[in-house]
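Listed below, chain by chain, are the residues.
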Amino acid sequence: MKNLVRNLNKYKYPYIFLAPAIIVLLIFSIVPIFLSVGISFTDMNIKGLANFNNIDFIGISNYIELFQDKDFTQAILNTVFYVVVGVPFVVLLSLTAALLINYGTSKIFSFFRVVYYAPAVTNIVAVAVVWGFLYNTNYGLLNTILNGVGIDGLRWLQDPLLAKVSLVILAVWRAIGLNMLIFLAALKGIPKSYYEAAKIDGAKKFQCLRYITLPQLRFSTFFVTITTLIGWIQFFEEPMIMTEGGPLGQTNSMALFIYQNGFKQSQFGYAAAGSFILFLIIIIVTLIQFRMNKENVWE
Amino acid sequence: MKTRKIKLDKIIVIVLLTLGGIVMFTPFIWMILTSFKHSSEAVLIPPTLFPNVPTLDNYKKLFEELNFLVYLKNTIIVVLLFFIGMLINAMAGYAFGKFKFPGKKVLFIFVLATMMIPSQVTMIPVYLILNQMGLINTMLGIVLPGLVVAYNIFLFKQFMGGIPNELMEAARIDGAGEFYIFFKLIMPISKPILAVQGILTFIAGWNNFLWPLIIANDEKYYTLSVGLSLLKGQNTANFALQMAGASIMVVPIMIIFCIFQKHIMEGFVTSGIK
């Protein structure tokens, strides 16, 4: 006991410096995970919020109900669509942008770096409002341009399939900047001697790209893919602001489904169960990614 | 012959970048130009590029008739509170970077593990916790859950870990207290990382959306992003007004970003994601 007190006193300062951060993380990150599991097994709603006596333990009913809920299945399918269509585009376009910007060192290239990164720092709500205007069927800039070249305007946010694509376009536009920076940082880290050696051996530009650059970018490609993937599984603000999940739930995502059930309908238990399924999907996808990349990334 | 080929390469690259750049920037240009149009001009077919009769009416309406001044004030409070969070992150980073103590490794893994938790999982329980604390509809409730960011602690640890121990030892021998050392010695040395984190904290606070939306039920506590989403719902056809609201959110960030972009970019490259 005396030892413990002496130890505590000896290490007092690091613990004091750490304490606020640890306490906040405990209360708002760690404890909620366990609470979330607990809540998902109850019928907690607005009455339960007012008085805890109104909360009943209902086992896995929420989970059973979720899988019979057409809206939830649709939200999962939509989320799969977002991920499958969006992630490859983000990786491909941000890699292309990084390669192009890395081509030269003059001022104009760093200018483009700023231009491409700019959408990433701006507010998602503002950006969604602006794109909502661009997509407007009657007055939007996009349809005006299409009409100008003799194509009929599209119903960007009303057509069930196109609405999903429209949201993906906006989100890709916004995601390019950050991921481009990650690729740029990696490109700067490739030793110049590799290229010099290849040049002596008579390698063409394309061969350098194929056999030096791309292999050297393996880890950052993995990093970008996995963070983008996790981000897209949680796709939320774009459908929430631009379409509210419509038309007919066609753009609803899992995250939006959870938000609406939790905070619009106050079905806390039901929404918590949904959030836990989302969490499991993220964990599984992450594990699969790591397993698939184990051999070639960490060598 | 050879130089000409290289030049052609470069021209193609610049043309491609310019095309991409136009796509990236058109929404912002269109937003700003539309925000100075009368609401009737914003829906003209075909649309005008530059406003025929430039007007500040949209901005006046936001601040005089709508509550955007309140939203702006709240947003600034949120940003300031987030700076306290940055200090907490810096302190934690310092403890991890410069001290040896029992449980250090476990605590560090604990901090990093919180990065993997999606916000949708914690949002319902956090709401309930804040409700129990009586913090619904308060500025503190809006800010608290996002105050500590594991990734920022990690960056502070990386930077402060590199500060020579001798510096602190010398100060201790001179009789300086630990807090004096942290605030008067460590923080000034850490200016480069503080600059980067400061800008990122500002951007995060300014753009914060989900928590203010959930926690603030009273318009008194809305931030700009919540106010703007409300504005879109209520003025669905007044695009000029919507664009003015969006400009208020985007332009200050753009200005700050342009001034400090060099620091952000360099901080990013040196912070070790390679």
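Residues numbered from 1 in each chain as written. Chains lettered and ligands numbered in written order. Predicted model: local features only at pLDDT ≥ 70, side-chain atom pairs only at ≥ 80, totals over all residues. Heavy atoms only, no water.

1. Examining the UniProt feature "transmembrane region" (unreviewed entry) in chain B
All names here are of chain B.
- Here, UniProt's "transmembrane region" (unreviewed entry) annotation points to residues 12–33, 68–94, 106–130, 136–156, 193–214 and 239–260.
- In the segment residues 136–156, helix accounts for 57% and strand for 0%; the C-alpha atoms at its two ends are 31 Å apart.
- Taken end to end, residues 239–260 comprises 100% helix and 0% strand; its first and last C-alpha atoms sit 31 Å apart. (UniProt positions renumbered as here; feature names shortened; annotations may be inferred. Helix = DSSP H or I, 4+ residues; strand = E, 2+ residues; numbered from the N terminus.)

2. Concerning the UniProt feature "domain: ABC transmembrane type-1" (unreviewed entry) in chain A
- According to UniProt, the positions carrying the feature "domain: ABC transmembrane type-1" (unreviewed entry) are residues 76–289 of chain A.
- With 77% helix and 0% strand, residues 76–289 of chain A has its two end C-alpha atoms placed 20 Å apart.

3. Things to note about the interface of chain A and chain B
- Counting from both sides, the interface comprises 84 residues of chain A and, opposite them, 89 residues of chain B.
- In terms of surface lost to chain B, no three residues of chain A exceed F17, F28 and F133 of chain A, which account for 11% of the buried area on that side.
- Seen at the junction of chain A and chain B, the total is one salt bridge.
- In this structure, the salt-bridge partner of D9 of chain B is K205 of chain A, at a minimum N-O distance of 3.8 Å.
- At the surface where chain A touches chain B, the tally comes to eight residue pairs in polar contact (both at pLDDT 80 or more).
- Its residues placed into classes, the side of chain A that touches chain B shows 70 nonpolar, eleven polar and three charged. (Contact = heavy atoms within 4.5 Å. Buried area = accessible area lost by both parts, 1.4 Å probe. Salt bridge = Lys/Arg side-chain N within 4 Å of Asp/Glu carboxyl O. Polar contact = N/O pair within 3.5 Å; in protein donor to acceptor, adjacent residues only side chain to side chain. Nonpolar A, V, L, I, M, F, W, Y, C, P; charged D, E, K, R; others polar.)

4. Side note on the environment of L228 of chain B
- Tracing the backbone shows L228 of chain B in helix α13 (residues 224–234).
- Sequence-wise, L228 of chain B and F68 of chain B are 160 residues apart; in three dimensions their C-alpha atoms are separated by 8.7 Å.
- Residues contacting L228 of chain B, with those up to four places away along its chain left out, are V125, A126 and V129 of chain A together with F68, Q242, G245, A246 and M249 of chain B.

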